[in-house]
Structures are given as C-alpha cells and as structure tokens.
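One letter stands for each residue in the lines below.
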Number of protein chains: 2
Amino acid sequence: MNTIDINLIKTYLINLQNQICHEFETTDGKATFQHDSWQRLDGGGGDTRVITNGDVFEKGGVNFSHVHGEKLPISATTQRPELADCEFDALGVSIVMHADNPFVPTSHANIRFFQAKNPSGETIWWFGGGYDLTPYYGFKEDCKYWHQTAKNACDPFGKEVYASYKKWCDDYFYLKHRQEARGIGGLFFDDLNQWNFQTCFAFMQAIGNSYLKAYLPIVEKRKATPFTETHKIFQRIRRGRYVEFNLVYDRGTLFGLQSGGRTESILMSLPPEVIWQYDYAPEPDSDEAKLLTDFLPARDWLSA
Amino acid sequence: MNTIDINLIKTYLINLQNQICHEFETTDGKATFQHDSWQRLDGGGGDTRVITNGDVFEKGGVNFSHVHGEKLPISATTQRPELADCEFDALGVSIVMHADNPFVPTSHANIRFFQAKNPSGETIWWFGGGYDLTPYYGFKEDCKYWHQTAKNACDPFGKEVYASYKKWCDDYFYLKHRQEARGIGGLFFDDLNQWNFQTCFAFMQAIGNSYLKAYLPIVEKRKATPFTETHKIFQRIRRGRYVEFNLVYDRGTLFGLQSGGRTESILMSLPPEVIWQYDYAPEPDSDEAKLLTDFLPARDWLSA
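Scoring rules and cut-offs
Residues numbered from 1 in each chain as written. Chains lettered and ligands numbered in written order. Predicted model: local features only at pLDDT ≥ 70, side-chain atom pairs only at ≥ 80, totals over all residues. Heavy atoms only, no water. Phe/Tyr/Trp six-rings, centres within 6.5 Å; stacked < 30°, edge-to-face > 60°. Helix = DSSP H or I, 4+ residues; strand = E, 2+ residues; numbered from the N terminus. Buried < 20%, exposed > 50% of the residue type's maximum accessible area, 1.4 Å probe, protein only. Lys NZ or Arg CZ within 6 Å of the ring centre and 35° of its normal. Salt bridge = Lys/Arg side-chain N within 4 Å of Asp/Glu carboxyl O. Least-squares fit on C-alpha atoms with pLDDT ≥ 70 in both. Contact = heavy atoms within 4.5 Å.

**Q** Tell me about the packing of aromatic side chains, and please be specific about residues and values.
**A** On inspection of all chains with the given rule, the structure shows 74 aromatic pairs over all chains. Judged by centre distance (4.5 Å) and plane angle (25°), the ring pair of Phe114 of chain A and Trp126 of chain A falls under stacked. Linking Phe114 of chain A in strand β5 (residues 106–117) with Trp126 of chain A in strand β6 (residues 123–134), this pair joins segments that are twelve residues apart in sequence. Neither residue differs from the other here; Phe114 of chain A and Trp126 of chain A are each classed as buried. An aromatic cluster of at least three residues, connected via ring pairs, comprises Phe157, Tyr165, Trp168, Tyr172, Phe173, Phe188, Phe189, Trp195, Phe203, Phe245 and Tyr249 of chain A. Over the aromatic face of Phe139 of chain A sits the side chain of Arg222 of chain A, whose NZ or CZ is 3.6 Å from the ring centroid. In this structure, Arg299 of chain B packs its charged tip against the face of Trp301 of chain B, placed 4.3 Å from the ring centre.

Structure representation (structure tokens):
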C-alpha cells in the first residue's frame, strides 16, 4: 500500500463538518454555531462548533479534531499493548444534537481515523464510527426510517455489513448497570481495516454522508409537536441516562479526557439540563413506559 | 488477633444511619426519609434511605449496605491481584446531602469496613472513609469550622492523622480533566489497618460520629439565606462537576456498579437537577468566580 495521505481524510472531515453545521443552522432557523479553535499541548487540536438555545436545538455540537503525539494515552493501549510506544494520529468528526422538543430524538454520530507507527516504522491504521438515535418518545416509523437509511449506506459494502454493525451498536450503547440500551441503536464500527484503504475510507464517507439523511427528516417531522412540562421532565430524566453512558462507558470520552483533549469539546455531548430522581419509574402503559418496553430493547427494526 | 466480629461493626453502622436520618429529618422539618431494603443476588443487601423535596434538602441519601460474596469484582482487584479469588464482606454507610439553598454546601460522608479471606484462610481487613464538603458559594468561616471539626476527630489518634487524611482527600476528590477540586475537602482514608483492630474501629467511629457535628451547624447557619434563580443556575452548573467526579473517578461508585450493587442506591448520590452549559465561566470577581479562585484550590484552612 502507498503511504496514507491523512490530508485527504482531513479535508473530507472538515467539509463534512461545514456541511452539517450549515444544514443544522437552516433547520434551526434561529441559532448559529459558535466556533472555537483549540490547540493540544502535545500535538494537534480541533475546531469545536456548538449551537445552543435555538428554536429547534437546545444544545448540540459538531466537532472536528486532529490529535497527534509521540505516545498513546493509556485508554488506547490497555486493549492493545502492541501500541504502547507508538506515534499516533487520531482524527474525526463527532456530533451530538439535543433538541428542545422531547419528541425529537437526540442523535449522535462519529467518524474517525486512527493511525499509529511503531518504533520499527510499521504503520497500523483503522477507521471507526457510526451513528445512533436516542428518542424520548418512540415512533416506530422513525426507527424504521433511521435503520433503513443506515442499511442503505452499508449495503454497497456487503450484505452482512448493516446487520453486523447494527449489532455492534446495540452491544456498545448499553448501560450494564441499568440493563438498558441508551437508545434504539444504528451503526457502530471500529478497527475497520479488513478491506483495502480506499474501500474503508469510502465506507467512512458513506456513513458520514448518510447521517443527515437519516436524522434531519425525523427532526423536521417532530420539531413542531406540542409538548408539556411533563414531557420535558421525562426528557431530562432520560438525559441522565445519556450522561451515565457517556461518563461511565464511552471509550471516546475516556480517550479524550485521558489524552489531554479539550474538556469542553469532549463534554459538549452532555445534555443541557438533566434530572436524577431517585427510583423513578413511569406510569405503567404510559408513553413514557412504552419507550422502555417497546423501543429500547434491541430488535430488528426493518422487519418490525 | 481474635476473629473479627462483623456484627459489632454492623450494629454501629445501623445505629449511625438511624441517628443521622433522625437529625436530618429534624433539620428539614418537612420531608422524611423513604426506606428501601434491597437484596443482592450474589449475597448481602442494604437499606437505602432517601429524602427528597424537603424544606431544606432537595435530595439526599443515607445508605447502609453489607455486600458479601465468593469473589471480588474486578474494580477491587486490579490494584490488588492477591485478592482475586477471595471471599469478601464489604459494609458501610454512605451519605450525600444536596440542599435546595445554594448557600448550603453539599456534603458527602462514607465509612466502610472491608474483609477478604483468601483460599488458604488468611484474613485481610481494612477500614476506609471520610467526609468532604462541596460549597457553591464559599464562606471562609464554614471551611475553617468543617476542617477544625475533622481535625478534632482525628487528633486523639495521632497528631499527623488530620494532615495526612486531609491531603488524601484533596488528592482524591480532584477532577483531573478540569484541573479542579470537587470541593473544599475534609478527610479521606482507605486501607486503614496499621493500628490494631480496636483502634482502627474506634477511628472509624470517631469519623462517623463527627460528621453531623461538622455539617449540621453549617446547614443551620445558611439554610435561610435568600437566593435567586441566578444562584440556583450556578448551583446546577457546579452540580454537573459533582456528577462528572462520581461517574468518572469515584471508586465507590464504580465498585458498586460493577459488583452488582443496587444502581438506584449507588446513584442516589447524583444531584437532583444539573445543567451543562458549554464553556461556562463566571463573571470575573463575582462570588461565583471566587469559589474557583479562593475556595477550591487546596489549602490549609486552619491557618487561613
């Protein structure tokens, strides 16, 4: 294989960030993204874009970062001791959008590339990413649409790809201590290098390009749904689960915090307002209860 | 040494729990503690007591638990591989009190006993615990009083005890990713077995018995301070830091979640309402800014 041109990936990611921010601003109609460029002491930096208090989006971030250094942080090498003394490049775009309207689900997307060079000059690389949806009030048609769009993006790369990355997503975004999924899933992949570089890169782009296609129609459909304070309270309680997942389990968050990433950029994923009520349980058979019984348990949405 | 009578420790802890709940109910004047007994599938259980929406306390918990089992969870053995196949008993009382009034600090206290028996019958035991204070608006006299009470409890056990456990507390309750202390500290100790069992147990009791003495006068002094929505918002933002600490760093929380403890009992420590505002910074020279400049950085409060 020829040397990998990281700038090619970087250019794609920055263009994607611009396009996504532009589309979200159009959808919101009021708020715009605040831009914050930052440098990392040990190498690299990023461009954090955050939207707050919009007509549609209560809080959201679309972040680009490119972090590099002489030595990987611990969180990246416990599972892979062979990377312990490697130079590395990690670049990606990471998105979390929390809408104000409780009928609009929160969405998360991430695409990333990782490359490490060990002292003998050998290069190891892989892609990772995916997207997943976290509704507060479930709609079967939205779940089907979200997963169908994910499948359409995967299918050109092999008929088994969607099913396998859908399962990985269900397994990954799972709160063991609650025995509960974070949301209704989507796609998750990591360590992707089994195809050639061009195909892997094309797959990452297919995921990046299909995220807005999957999410925006759902936002548009639900953003004007009337809601009450009761709906908001349920949304804030559920957002507590989102915090629990990100701070206890999420590898990206832990990698970021440990590698000296910019804390405010990493934690932009945390919801704007959260409630922890002791031993909360929704009324049986309520819409709130149905989220837990009919939407969060992992299932095949395309035959649902 | 004679065999350790765990029931002696258990009786002390349960009495302490009762006394503390009683005192907090008296201070609150309106809300009472809800009791939830729970069993752990693999052995043991607990008695969770939670107070919510009181006149003084927005949310608080005073929990007793006694967990035992055939094999320790991973979080307890990574640092101590010699404990990997040990039977164990872990018992303790754990307290977190979040007041409604932003001028009343949050307090946390914990005392615990741990015992493990390895397959050859050898017994390893230690005590741990401490208490720490997390103000939103700082008052020098409260910090001095809190630390003086802690010192008074420690002094009979050696002149160096307070200083050493005060430093351990500062080191432990620290958010690396924020480069910020969680609060103004207090005491933290773990692995305590260097004195004989009776003395270690007496020390744990001295800490347990002095917690209310340290906290209640501060609650009484501040609970009627007038406050505005601006104060509440700052309190909720700071409570986000509390969540970050507990979910990212706190060993007790991770041990509890991994050992199949009751999730709602463990996470009762999380504040009732939390705000994450992107890149929030208080106005320079405001009372909010002073918390960060004049109170959180570790210092010797007794000569302040």
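**Q** Residue-level account of the pattern of salt bridges, with values.
**A** Evaluated as defined, the whole model comprises 48 salt bridges over all chains. Salt-bridge contacts for Lys232 of chain B lead to Asp100 of chain B; the nearest nitrogen and oxygen are separated by 2.7 Å. With Lys232 of chain B in helix α6 (residues 229–248) and Asp100 of chain B in the loop between β4 (87–99) and β5 (106–117), this residue pair connects regions lying 132 residues apart in the sequence. Exposure remark for Asp100 of chain B: the relative accessible area of 25% places this residue in the partly exposed category. Each of the salt bridges in this network shares a partner with another, and the network as a whole consists of Glu58, Asp100, Lys232 and Arg239 of chain A.

**Q** Can you lay out the relation of the copies chain A and chain B for me, pointing to particular residues and giving the numbers?
**A** Between the two copies, chain A and chain B, the superposition gives an RMSD of 0.0 Å; the rotation angle is 180° and the shift along the axis is 0.0 Å. Taken together, these values place the two copies in the relation of a two-fold axis. When C-alpha distances to the rotation axis are compared across chain A, the minimum falls at Val274 of chain A, with a value of 2.5 Å. When the interface residues of chain A are mapped onto chain B, 100% of them again fall at the interface, so both copies present the same face.

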